[in-house]
Amino acid sequence: RKNLGNLLRAYRMFLDREPEAWRDSFLYLHTNVSRGVDNPLGYELPQIWHGLGIAERIKYVHPVWYEAYGFTEDEMADCYRSADWLVLASLGEGFGMPLAESLAVGTPVIYSNFSSLPEVVGPGGLPVEAADRMPFELSSSFQWIPSTEQVAERIAEAYRDWKGGGKLR
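Report follows, based on the coordinates. Sequence positions are assigned chain by chain, starting from 1 and proceeding in written order. Local features are withheld for residues below a pLDDT of 70 in this predicted model, meaning they are given only at 70 or higher, and side-chain atom pairs are given and counted only at 80 or more; totals for whole chains, interfaces and linings count all residues. Each side-chain value is worked out from all heavy atoms of the structure, with water and hydrogens disregarded.

### Points about helix α8 (residues 148-163)
The α-helix advances 3.6 residues per turn, and as a result positions three or four apart in sequence lie on the same side.
Then, in step 1: In this description a helix means any DSSP run of H or I spanning at least four residues, a strand means any run of E spanning at least two, and both kinds are numbered starting from the N terminus. Any helix carries an expected span of 1.5 Å times its number of residues minus one. Under the 1.5 Å per step criterion, the end-to-end length of α8 is 23 Å for 16 residues, consistent within 8% with the ideal 22 Å.
Then, in step 2: For the exposure calls, accessible area comes from a 1.4 Å probe over protein chains only, and a residue counts as buried if that area is under 20% of its type's maximum, exposed if over 50%, partly exposed in between. Taken residue by residue, α8 has Thr148, Val151, Ala152, Arg154, Ile155, Ala156, Ala158, Tyr159 and Asp161 as its buried positions.
Then, in step 3: Among the residues trailing α8, glycine 165 stands out with phi positive, at a value near 110°.

### Overview of the pattern of salt bridges
Then, in step 1: One side-chain nitrogen of Lys or Arg within 4 Å of one carboxyl oxygen of Asp or Glu is enough to make a salt bridge. Throughout the structure, instances matching the rule amount to 12 salt bridges.
Then, in step 2: Note that lysine 2 is salt-bridged to glutamate 93, the shortest N-O span being 2.7 Å. In this pair, lysine 2 is assigned in the segment before α1 (4-17) and glutamate 93 in the loop between β3 (86-88) and α6 (97-104), connecting sequence segments 91 residues apart.
Then, in step 3: On the accessibility criterion, lysine 2 (32% relative accessible area) is partly exposed.
Then, in step 4: Here glutamate 93 falls in the buried class, since its relative accessible area comes to 10%.
Then, in step 5: One salt bridge in this structure joins lysine 163 and aspartate 24, with 3.0 Å as the shortest N-O distance. Here the residue lysine 163 occupies a position in helix α8, and aspartate 24 occupies one in helix α2 (residues 21-24), the gap between them amounting to 139 residues.

### Details of the packing of aromatic side chains
Then, in step 1: Pairing of aromatic side chains requires ring centres within 6.5 Å, counting the rings of Phe and Tyr and the six-membered ring of Trp. Pairs whose planes differ by under 30 degrees are stacked, by over 60 edge-to-face, and all others tilted. Applying the stated criterion across every chain, the model contains six aromatic pairs.
Then, in step 2: A centroid spacing of 5.1 Å and a plane angle of 80° characterise the contact between phenylalanine 142 and tryptophan 144, whose relative ring orientation is edge-to-face.
Then, in step 3: Its relative accessible area of 36% is what places phenylalanine 142 among the partly exposed residues.
Then, in step 4: The exposure class assigned to tryptophan 144 is partly exposed, which follows from its relative accessible area of 34%.
Then, in step 5: One aromatic cluster is present, formed by Tyr11, Phe14, Tyr159 and Trp162 through successive ring pairs.
Then, in step 6: The cationic tip of lysine 59 hangs over the ring face of phenylalanine 26; the distance from NZ or CZ to the ring centre is 5.6 Å. Definition used: whenever NZ (Lys) or CZ (Arg) falls within 6 Å of the ring centre and also within 35 degrees of the ring normal, the charge is taken to sit over that ring.

### So, the nonpolar core
Side chains of a nonpolar character, in soluble globular proteins, are inclined to be buried together.
Then, in step 1: In terms of nonpolar packing, the biggest core is built from 26 residues, with Leu8, Phe14, Leu29, Trp49 and Ile58 touching the most fellow members.
Then, in step 2: Among the elements of the structure, α1, β1 (27-29), α3 (45-51), β5 (126-128) and α8 are those that each provide at least two residues to this core.
Then, in step 3: The greatest single-element share of this core, amounting to seven residues, is contributed by α1.
Then, in step 4: What phenylalanine 14 contacts, discounting residues up to four positions off in sequence, is Ala21, Ser25, Ala152, Ile155, Ala156 and Tyr159. To define a nonpolar core, start from buried Ala, Val, Leu, Ile, Met, Phe, Trp, Tyr and Cys residues and group those joined through side-chain atoms within 4.5 Å. Contacts: residue pairs with any heavy atoms within 4.5 Å of one another.

### Points about the environment of valine 121
Then, in step 1: Take valine 121: it is sitting in helix α7 (residues 117-121).
Then, in step 2: Residue classification places valine 121 among the buried positions, given a relative accessible area of 9%.
Then, in step 3: C-alpha of valine 121 to C-alpha of valine 109: the two residues are 12 residues apart in sequence and 8.0 Å apart in space.

Shape is all these values report; function is a separate question.
See the structure below:
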């Protein structure tokens, strides 16, 4: 649901567009990066980022901290504050709490422009439109799939803004 495999693909596309970013950017993932007890059906994200050739640009929470210890509200607020942008280009959200938390501490967001997310973000942030949808015939429903190309472009836009002094914030 969080669309992390496509986020990694988008980050690689961004790095290809903005070669300087290989030196002065990285993607931080605050999630389980491998399958485990709490995530038995999850992706093996290290395989994806190694396959994309971006391993040296990825930072992530050590699984022990993520699964066993957790983070206090103040630690999470500091995490959001330390980011230049938050990217939540998921397939769908019930609410989108990471967006609300990020915006609450002043960190701008790149987000899927569907589900509940536009209501959470309001007039700010950089929206990503859907490129396709994935139907679920059993429930007569579907999920939108964010445009990986547009995620990459939004990350590049945020990066160029950061390099230029941060007018989008």
